[in-house]
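Reading the structure
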Amino acid sequence: MRPAIILFLFWISPVFADEICSELLSLWLSNDLTVQKYTILAEQAALNLDKTYINNGIDITLSSGTMTFKTTDGEGVLTVKPSAELTIPQANGTSITASGTFTNSESKDSWQDLQILLMTDIISSSALSRKIEILKSKRELLEARRNLRIKALEAENNFYSALKELFEYAVDVFDKKNDLYEKQLALRKVQSQGYSRTSPTYRSAALEVQSYERKVEKAVRELNRNTAIFAALCSKDFDYDAENQSEEKALSFLPQSVTAPLALNIADFRAESYADIESAAWAHYIAELERKADTHFSLRGGAGYTFNNTDANSDTADGKLALEWGGLSASAGVALPTGKKVLKSKTEASEEKSPVYTLSLTLTPNTFRLNRISKKSGALDSDIEKIAIDSAWEDYKTAVLDKTMSLEDIVWAQKNYADEYALYASLAADNLRNFRAGIITESDYLDAKANRDMAKINALISDIDLIMYNNSILQLFHDDASDTDLAEVSATKRERI
């Protein structure tokens, strides 16, 4: 019989086998609870980013304020203090507020201290702080997606690791069968030498055969038991029969061909995309932004108009400044009376046009001292972050060396097992012809067949090793740079690394 025919009898077609492997992998991944968990975490991170955009976007606040109702001289009086505020963080933290006191009575309606005020940042780090918050939220989503990708690769590697273990159980079966065939040949040799069944020599040889038959049976049972567990993890049925054990049942369930992918060369990946380097560079970048935003100084200015200003007994044009510097807080304002009242009022406008000034000061000396300490601590933190980047580079160099040598070992194993399989397949075909011609014993043929099957499985294992190696390379690098809006991070890497 031709070798190709023998091969077909034992191994199903590669196309069909690949379909079996893909189906089992798909079922394995769909049942992986860790992948499901990280899928949900990625969805949560996307929702958190939406919340961040909302919290840092245009906002409107409306309030009715405190409403008071009382009776004066038999007349009901309703007093309301409504307010409204529009904030536009994108426009230098600009805010527009309107607030006042409205009085309604049976005889007259009036407004008092109705102020419309526009405030904006003159000197402030609020825009940078807003940028940092959005960047950190984007990063949270990016890392959630990366974690999902890594967990999926880990789950895939777990699948191939379990599959590899089953093939190793199968190799053990064939290995023990080879030992059994050797003991059977030894027993036949004893028989050919004329020893009786009751002789010590014959009985010793027969007992060794029985011992190795039990070892084969034990190995087969282990293969079938672990195959049943593997099938359950893939939500597939496997007919495990404790009384009827054979390795063919497990091997017919398992994929008997695995498509070996092209090997990934770690040197083909950008060093800056190495996960530890990228993470360390990001940590330094965002920390530098946060230290830059922590200026301890801000200045806001604004202008407005107040209808029926009670302090001036007139409408006023208003100006305001607010300063924050370390432990010092100061605010100053001026109200310039117009000498008239546009809205209804209980009294006539005063003709006095003297400005009304306001000033407020708050000093906390310890804040200055704490800020100086914070600045020194920030410089030390920056040095630590740079060391972390250098450490990540050292890890990268080690990983390149380790993975390069690992790939060389895998490629070497693939070539050797392929050559070994070709030799054993040819030998098994020759021995089959010789056995049918009566030239050799059945044990000789079975021994060659077991060696052929074992070599085939070892070749499969080397292909699985390559798949797992590729996945380990993908876990070391981030390929999603285009998904980020962090051009500054790349610039920081070029400066620091």
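Residues numbered from 1 in each chain as written. Predicted model: local features only at pLDDT ≥ 70, side-chain atom pairs only at ≥ 80, totals over all residues. Heavy atoms only, no water.

**Looking at the overall build of the protein chain**
Tallying secondary structure elements over the protein chain gives ten helices and ten strands in all. Against the compact-globule benchmark of 23 Å for 497 residues, the protein chain has a radius of gyration of 41 Å, which places it well outside the compact range. Relative to its full complement of 497 residues, the protein chain shows a buried share of 36%. Across the protein chain, the fraction of contacts at a sequence separation of at least 24, relative to all contacts at a separation of at least 6, is 72%. Working note: accessible area of the protein chain is about 28,000 Å², and carbon and sulfur atoms make up 55% of it. (Helix = DSSP H or I, 4+ residues; strand = E, 2+ residues; numbered from the N terminus. Rg over C-alpha atoms; globule rule 2.2 N^0.38 Å. Buried < 20%, exposed > 50% of the residue type's maximum accessible area, 1.4 Å probe, protein only. Contact = heavy atoms within 4.5 Å. Areas by Shrake-Rupley, 256 points an atom, 1.4 Å probe, with all protein chains shown as cover.)

**Topic: the packing of aromatic side chains**
One pass over the structure, following the stated rule, counts 15 aromatic pairs. Centre to centre, the rings of Trp 28 and Phe 230 are 5.7 Å apart; their planes meet at 35°, and the pair counts as tilted. Pair noted here: Trp 28 is in helix α2 (residues 14-30) and Phe 230 is in helix α5 (residues 200-233), with a separation of 202 residues, a long-range link. The two residues Trp 28 and Phe 230 agree in class, both being buried. Judged by centre distance (5.7 Å) and plane angle (80°), the rings of Trp 393 and Tyr 396 are edge-to-face. (Phe/Tyr/Trp six-rings, centres within 6.5 Å; stacked < 30°, edge-to-face > 60°.)

**Examining the pattern of salt bridges**
According to the stated counting rule, one finds 19 salt bridges in the structure shown. Taking the shortest distance from any N to any O, the salt bridge between Glu 272 and Arg 270 comes out at 3.7 Å. As a salt-bridge pair, Glu 394 and Lys 397 come within 3.6 Å of each other at their nearest N and O atoms. Here Glu 394 and its partner Lys 397 are both found in helix α8 (residues 365-436), three residues apart, which amounts to about one turn of the helix. Of the residues examined, Glu 394 reaches a relative accessible area of 46% and is grouped as partly exposed. Each of Arg 139, Glu 143, Arg 146 and Glu 278 takes part in one network of salt bridges that share partners. (Salt bridge = Lys/Arg side-chain N within 4 Å of Asp/Glu carboxyl O.)

**Digging into the nonpolar core**
One finds Phe 159, Tyr 160, Leu 163, Phe 167, Phe 230 and Ile 457 to be the most contacted residues of the largest nonpolar core, which totals 44 residues. Mapped onto this core, the elements with two or more residues apiece are α2, α4 (126-192), α5, α6 (247-253) and α9 (442-476). Per-element tally for this core: the top contributor is α4, with 14 residues. If near-sequence neighbours (up to four positions away) are discounted, Leu 163 is found in contact with Cys 21, Phe 230, Leu 254, Pro 255 and Ile 464. (Core = buried A, V, L, I, M, F, W, Y, C linked by side-chain atoms within 4.5 Å.)

**Thoughts on helix α3 (residues 33-55)**
Here α3 spans 33 Å end to end across 23 residues, near enough to the 33 Å set by a 1.5 Å rise per residue. With a side-chain oxygen positioned 3.0 Å from the backbone nitrogen of Thr 34, the residue opening α3 is Asp 32. (Expected span 1.5 Å × (residues − 1). Polar contact = N/O pair within 3.5 Å; in protein donor to acceptor, adjacent residues only side chain to side chain.)

**A closer look at the state of the cysteines**
If you walk through the whole model with that rule in mind, you get zero disulfides. A disulfide-free cysteine, Cys 21 has its sulfur positioned 9.6 Å from the sulfur of Cys 234, the nearest such atom. (Disulfide = S-S within 2.5 Å.)

**Quick notes on the confidence of the model for the protein chain**
On average, the protein chain scores 86 in pLDDT, and the residues at 70 or more come to 92%. A low-confidence stretch, residues 1-17 stays under pLDDT 50, and its non-local contacts, those more than four residues away or across chains, total 31 contacts. Below pLDDT 50 for its whole length, residues 482-497 participates in 21 contacts with residues either more than four positions away or in separate chains. (pLDDT = per-residue confidence, 0-100.)

**Structural notes on the side chain of Glu 385**
Structurally, Glu 385 can be placed in helix α8. Sequence-distant contacts of Glu 385, that is, excluding residues within four places in its chain, are made with Ala 283, His 284, Ala 287 and Arg 291.

**Digging into α5**
Over its 34 residues, α5 extends 50 Å from the first C-alpha to the last, a length consistent with the 50 Å expected when each residue adds 1.5 Å. Ser 235 sits one or two residues past α5 and shows a positive phi near 60°.

**Describing the layout of surface pockets**
Computed from the structure, the largest pocket encloses a volume of approximately 390 Å³. For the largest pocket, the lining is made up of 20 residues, of which Gln 115, Asp 318, Lys 320, Ala 335 and Thr 358 are closest to its centre. If you list the elements that add at least two residues to the lining of the largest pocket, you get β6 (109-123), β7 (297-309), β8 (314-325), β9 (328-337) and β10 (356-363). By residue number, the principal contributor to the lining of the largest pocket is β9, which donates five residues. Split by residue class, the lining of the largest pocket holds six nonpolar, ten polar and four charged. Put simply, the second largest pocket is a space of about 300 Å³. In this structure, the second largest pocket is lined by 15 residues; those nearest its centre are Asp 294, His 296, Asn 371, Ser 374 and Lys 375. Those elements giving two or more residues to the lining of the second largest pocket turn out to be α7 (275-293) and α8. The greatest single-element share of the lining of the second largest pocket, amounting to eight residues, is contributed by α8. The residue makeup of the lining of the second largest pocket, split by class, is three nonpolar, six polar and six charged. (1 Å grid on protein atoms, 1.4 Å probe; cavity = no way out; pocket = protein on both sides within 12 Å on 5 of 7 lines; lining within 4 Å. Points joined across faces, edges and corners; volume = space filled by probe spheres on them. Nonpolar A, V, L, I, M, F, W, Y, C, P; charged D, E, K, R; others polar.)

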